[in-house]
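# Architecture at a glance
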Amino acid sequence: FIKKKEEMLAFRKQLPIYTGRDAIIQCLETNDTVIVMGETGSGKTTQIPQFLIEAGLASKELGGVAVTQPRRVAAVNLAKRVAEETMTRLGSKVGYTVRFDDTSSPQTIIKYLTDGMLLREILSDELLLRYKVIVLDEAHERTLRTDMLFGMIKKIQKVRLQKHAEDESIQPLKIVIMSATLDAEKFSEFFNNAKILYVSGRLYPVDTMFTAEPQADYLDACLVSIFQIHVNNPKGDILVFLPGQDAIESLTALVNEYSAQLRPQQQRLLACPLFAALPPSQQQKVFDPAPENTRKVILSTNIAETSITIPGIKYVIDCGLAKLRGFNPKIGVESLLLHPISKSSAWQRTGRAGREAAGVCYRLYTEGAFRDLEDDTVPEIRRCNLAAAVLSLKATGIENILEFDYMDRPSRASLVRALEELYALGAIDDKGNLSDLGKQMAEFPLDPTYSKVLIQSKEYGCSLEVIAIISLLSVDSIFFTPSDKREQASEARKKFIHPDGDHLTLLNVLKSYWEVKGDIEWCKENFINNRNIKIALEVRDQLVRFCERIDMNPNSTCGSDTDNVLKCFLTGFFQNTALLQPDGSYKSVAGSQLVKIHPGSAMFGKRVEGILYNELVFTTKHYVRGVSAIQSAWLPLAAPKYFNNIPPHLMQQYQQQQQNQQQPVQRIFHPQ
Ligand code: ADP
Ligand code: MG
């Protein structure tokens, strides 16, 4: 035990940040707000919270330290790491809180949490009195939630200082903003000219290469580069930045396939995928040293850009793209769009090759293309749907959201659109005040569309089904398709397919899963991702508890009358709908955009009057995923405020349907 403790201390002492420990502590002591800049891996996120506790600047009595992360993987891993460094059990002194998973306890004085969770805590503890220090980490990512926190925390700090003058028991709040890359001056200005602290990291020179020509197929270019590096360059692992899970999975399969064809005397290649939705045990493989005589190729989203430090990287391949959540005004809905990265992202990616020794970064784009990149990524608040943000601002008592203290003000049009959407959902009334429904919606750890559907399931008598489906949609995929067994997998999947589409297909899988009590062999035979189902069921448990809290029966079921489930989904997803055109294509209701059903959907190739979809992805075309069949007549009834002119005959039909529902239905679906 003592040996381990010494080892940990020795490790901590060799981190770049440790040499500045005293100066950092002194700076934190004398300033209410500090901006800390330092290279990824220098020790900011793991060490600064410990410094604060060691120096007595935060404690159980004064209040603890909250450290926000834009990503849950980062929050979870960091808490585990710091618990290890402090030789304490996770969940005692050090813990984490992420959506649907909370290890913190009243003993916790260093808590890593997602920015969304801190926003939620403000709802119940409006001055965040349980914390003495709030650390807003990875501030450069400018996620929507982090941006909202900037304004809110700044205000909380001001109020606490005023209250402290009257009542000494109320502690002033300390704010620490951290990042590897940010416009420190701008942040300092926003936070009343806060002190800026630079932590020097160890960064070795990195050779940067560009392609001579633009690359038509970035996956192909990545594959060629990986094998060129492998065959021509000395030892060292390769980190490849890719836009998303799809690309990562295809390339993982390709690398492993080609690796098997290497000459016997050649080192092996081992592909390790890394993305937020990957189960933690698989993520851990990225950190494990490569086996003997093997070179690791880590295929990652921008999660490895700053949040996570991976040892052993000597080569970086940057495809120059990222998938960003964005509001696409042309189609009127939010989607994940493939985007060129910014210059600062490109440099951040490059830097990953120079942590331990000199390295090389291969940029799969031309030097000219690099010069054309934006300097910084546009903050989410400038490109996203703001409905969720506006709802939480309203729920924390900020009435005039147009006047809120934004670091970068969103456009008036996008704020107005968010208000319109909340109005259509019934979350605010025509005066812009939060309705009772809106208050309930803000309580759920879900996007407004989902929380509306969940709450509405009470009316439609199908909470059991809706909770199950939302939980299953919250995980990446409950299906598992090995690249060498695609046909068997799709054959096995057939028996679950519901004629009305993916939502009810998911439900069928869960029903069968429960029947066999989650048998592992059954999962294997049917190509079901057991792990993801388990995660979904944990989510389900949480949603059930939330329902009980607001007096909803989580077990009400519509039995075989499954249309109710889809009608209920429409009450939130009325904008994610498309209608069949005479030529067989589907046109979105919200933006008159042509959309294609994703080949992975149960509805692929089918022609129905209308479809409802869970998400829109843009690759080469606009694809919709999570698709189910609907009738166009359901639309105005599900969202009367959105489609505000309901023809009287439809209203009559609707009321009749509602009456028919009063009859008891056979229960065919039982929870475990
Ligand atoms: P920063 O926030 O400045 O990017 P961190 O505090 O996250 O740096 O990490 C500092 C160092 O701690 C890393 O360089 C790495 O060596 C080590 N480290 C961090 N997290 C882990 C982990 N989960 N497992 C092993 N080592 C870790
Ligand atoms: Mg960090």
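The structure contained in this document is the topic of the report that follows. Since the model is a prediction, treat every value here as computed from it, not as a measurement.

### What about the packing of helix α15 (residues 436-443) against helix α16 (residues 448-460)?
It is at 9 Å that the axes of α15 and α16 come closest, and there the two elements cross at 115°. Considering the angle they form, α15 stands roughly perpendicular to α16. Relative to α16, the crossing made by α15 is right-handed. Contacts from L437, Q440 and M441 in α15 reach P448, S451, K452 and I455 in α16. Along the lines of polarity and charge, the residues of the contact of α15 with α16 split into 4 nonpolar, 2 polar and 1 charged.

### Digging into the sheet that holds strand β1 (residues 33-38)
Pairing is mixed in the open sheet, where 8 strands are placed in the order β4-β3-β5-β2-β6-β7-β1-β8. Single-partner strands in this sheet number two, and they are β4 (101-102) and β8 (195-199). The sheet contact formed by strand β2 (residues 64-69) and strand β5 (residues 110-114) spans 5 bridges and is parallel. Bridged to Q69 within β5 is T114. Along the sheet, helix α4 (residues 72-85) makes contact with β2, β3 (94-98), β4 and β5, crossing β3 at roughly 170°. Packed onto the sheet, helix α5 (residues 115-124) meets β2, β3, β5 and β6 (131-136) and runs at close to 105° relative to β5.

### Some thoughts on the pairing of β6
Most of β6 is tucked away, with 6 of its 6 residues classed as buried. The pairing of β2 with β6 spans 5 bridges and is classified as parallel. The residue bridging V67 from the neighbouring strand is V135, located in β6. As paired elements, β6 and strand β7 (residues 174-179) share 4 bridges and run parallel to each other. Bridging from a neighbouring strand, V133 pairs with K174 of β7. In this fold, β6 hands off to helix α6 (residues 144-166), which returns the chain to β7; that crossover is right-handed.

### A short note on the site of ligand 1
Surrounding ligand 1, one finds 13 residues, the nearest of these being G41, G43, K44, T45 and T46. Note that an oxygen atom of ligand 1 is positioned 2.6 Å from one of the backbone N or O atoms of G41. At a separation of 2.5 Å, an oxygen atom of ligand 1 approaches a polar side-chain atom of T45. For the shell around ligand 1, the elements supplying multiple residues, two or more each, are α3 (44-54) and α4.

### Focus: α4
Spanning 14 residues, α4 covers 20 Å between terminal C-alpha atoms, matching the ideal 20 Å at 1.5 Å per step. Of the positions making up α4, those classed as buried are V73, A74, A75, V76, L78, A79, V82, A83 and E85. Residue M87 follows α4 closely and has a positive phi angle near 55°.

### Description of the pattern of salt bridges
For the coordinates displayed, the defined rule picks out 24 salt bridges. When the shortest N-O distance is used, the salt bridge between E54 and R21 registers 2.7 Å. Here E54 is found in helix α3, whereas its partner R21 is found in helix α2 (residues 21-30), with 33 residues between them in sequence. Look at E54 and you get partly exposed, because its relative accessible area is 39%. A salt bridge links R142 to D147; the shortest N-O distance between them is 2.6 Å. We classify R142 as buried; its relative accessible area is 7%.

### Examining the sheet that holds strand β10 (residues 237-241)
Read across the sheet, 6 strands follow the order β9-β16-β13-β10-β12-β11 without closing on themselves; strand pairing throughout is parallel. Looking at strand neighbours, the two that pair on one side only are β9 (206-209) and β11 (268-274), the edges of this open sheet. Ignoring which end each strand starts from, the neighbouring axes of this sheet average 20° apart. Bridge count for β11 against strand β12 (residues 294-300) is 7 bridges, and the pairing is parallel. Counted as the bridge partner of L269 is R295 from β12. The sheet contacts of helix α8 (residues 218-232) involve β10, β11, β12, β13 (313-318) and β16 (359-363), and relative to β13 the element is tilted by about 155°.

### Quick notes on the packing of aromatic side chains
Given two aromatic rings, one states the distance between the centres and the angle between the planes to describe the pair. Using the criterion set out here, one finds 15 aromatic pairs in the structure. Taking the centre distance of 5.8 Å and the plane angle of 75° together, the rings of Y18 and F51 count as edge-to-face. With Y18 in the loop between α1 (2-13) and α2 and F51 in helix α3, this pair connects stretches of sequence that are 33 residues apart. Side by side, Y18 and F51 carry an identical accessibility label, which is buried. Judged by centre distance (6.1 Å) and plane angle (70°), the ring pair of F227 and Y258 falls under edge-to-face. Here Y258 lies in helix α9 (residues 245-259) and F227 lies in helix α8, a separation of 31 residues in the sequence. Counting every residue linked through ring pairs, the aromatic cluster contains F150, F187, F190 and F191. Residue placement shows K154 over the ring face of F190; its charged tip is 4.0 Å from the ring centre.

### Comments concerning the packing of helix α13 (residues 387-395) against helix α14 (residues 412-425)
At a minimum axis separation of 8 Å, α13 and α14 run at an interaxial angle of 80°. In terms of axis orientation, α13 runs roughly perpendicular to α14. Facing A387, V390, L391 and K394 of α13, the residues of α14 in contact are L415, A418, L419, E421 and L422. For the contact of α13 with α14, a count of residues per class yields 7 nonpolar, no polar and 2 charged.

### Thoughts on a negative patch on the surface
A cluster of like negative charges, contributed by D183, E185, E189 and D376, occupies part of the molecular surface. Mapped onto the fold, E185 is located in helix α7 (residues 184-190).

### Structural notes on the side chain of Q542
Tracing the backbone through its elements, the reader meets Q542 in helix α21 (residues 530-549). For Q542, the contacting residues outside a window of four places in its chain are F100 and D101.

Criteria and cut-off values
- The numbers attached to residues start from 1 for each chain and follow its sequence in the written order.
- Think of it this way: whatever chain is written first is A, whatever ligand is written first is 1, and the rest follow in order.
- Local features are withheld for residues below a pLDDT of 70 in this predicted model, meaning they are given only at 70 or higher, and side-chain atom pairs are given and counted only at 80 or more; totals for whole chains, interfaces and linings count all residues.
- Values reported for side chains reflect all heavy atoms of the structure, with hydrogen atoms and water molecules removed beforehand.
- Interaxial angles span 0 to 180 degrees and are taken between N-to-C directions of axes, which are lines fitted to C-alpha atoms, for helices over the stretch in contact.
- Only DSSP runs of H or I with at least four residues qualify as helices, and only runs of E with at least two residues qualify as strands; both kinds are numbered from the N terminus onward.
- Roughly parallel means an angle under 35 degrees; roughly antiparallel, over 145; roughly perpendicular, 65 to 115; everything else is oblique.
- Here a crossing is called left-handed whenever its near helix is offset anticlockwise from the far helix by less than a right angle, and right-handed whenever the offset is clockwise.
- Contacts: residue pairs with any heavy atoms within 4.5 Å of one another.
- Each residue gets one label: Ala, Val, Leu, Ile, Met, Phe, Trp, Tyr, Cys and Pro are nonpolar, Asp, Glu, Lys and Arg are charged, and the others, such as Gly, are polar.
- At least two DSSP bridges between two strands are required for those strands to pair.
- Each residue's exposure class comes from its accessible area (1.4 Å probe, protein chains only) as a fraction of the maximum for that residue type: buried when under 20%, exposed when over 50%, partly exposed otherwise.
- Handedness is read with the strands pointing away from the viewer; a crossover is right-handed when the path from the first strand over the helix to the second is clockwise.
- Here a residue is near a molecule or strand as soon as one of its heavy atoms is found within 4 Å of it.
- Whenever two N or O atoms come within 3.5 Å, that pair is a polar contact, provided that in protein one can donate a hydrogen and the other can accept it, and provided that, for residues adjacent in sequence, both atoms are side-chain atoms.
- Helix span, as expected, comes to 1.5 Å for every residue beyond the first.
- Should a side-chain nitrogen of Lys or Arg be within 4 Å of a carboxyl oxygen of Asp or Glu, the pair is scored as a salt bridge.
- Within 6.5 Å between ring centres, the rings of Phe, Tyr and Trp (the latter by its six-membered ring) count as paired, and their orientation is classed by plane angle as stacked under 30 degrees, edge-to-face over 60, tilted in between.
- Placement of a charge over a ring requires the Lys NZ or Arg CZ to be within 6 Å of the ring centre, with the centre-to-atom vector within 35 degrees of the ring normal.
- Think of a patch as exposed residues, more than 30% relative accessible area, with no salt bridge, where like charges cluster within 9 Å and nonpolar side chains (Val, Leu, Ile, Met, Phe, Trp, Tyr) cluster within 5 Å.
- For every accessible area listed, the method is Shrake-Rupley and the probe measures 1.4 Å; residues are considered covered only by the protein chains on display.
- Counted as positive: Lys and Arg. Counted as negative: Asp and Glu. His and the chain ends are not counted at all.
- Just so you know, the charge point we use is NZ for Lys, CZ for Arg, CG for Asp and CD for Glu.

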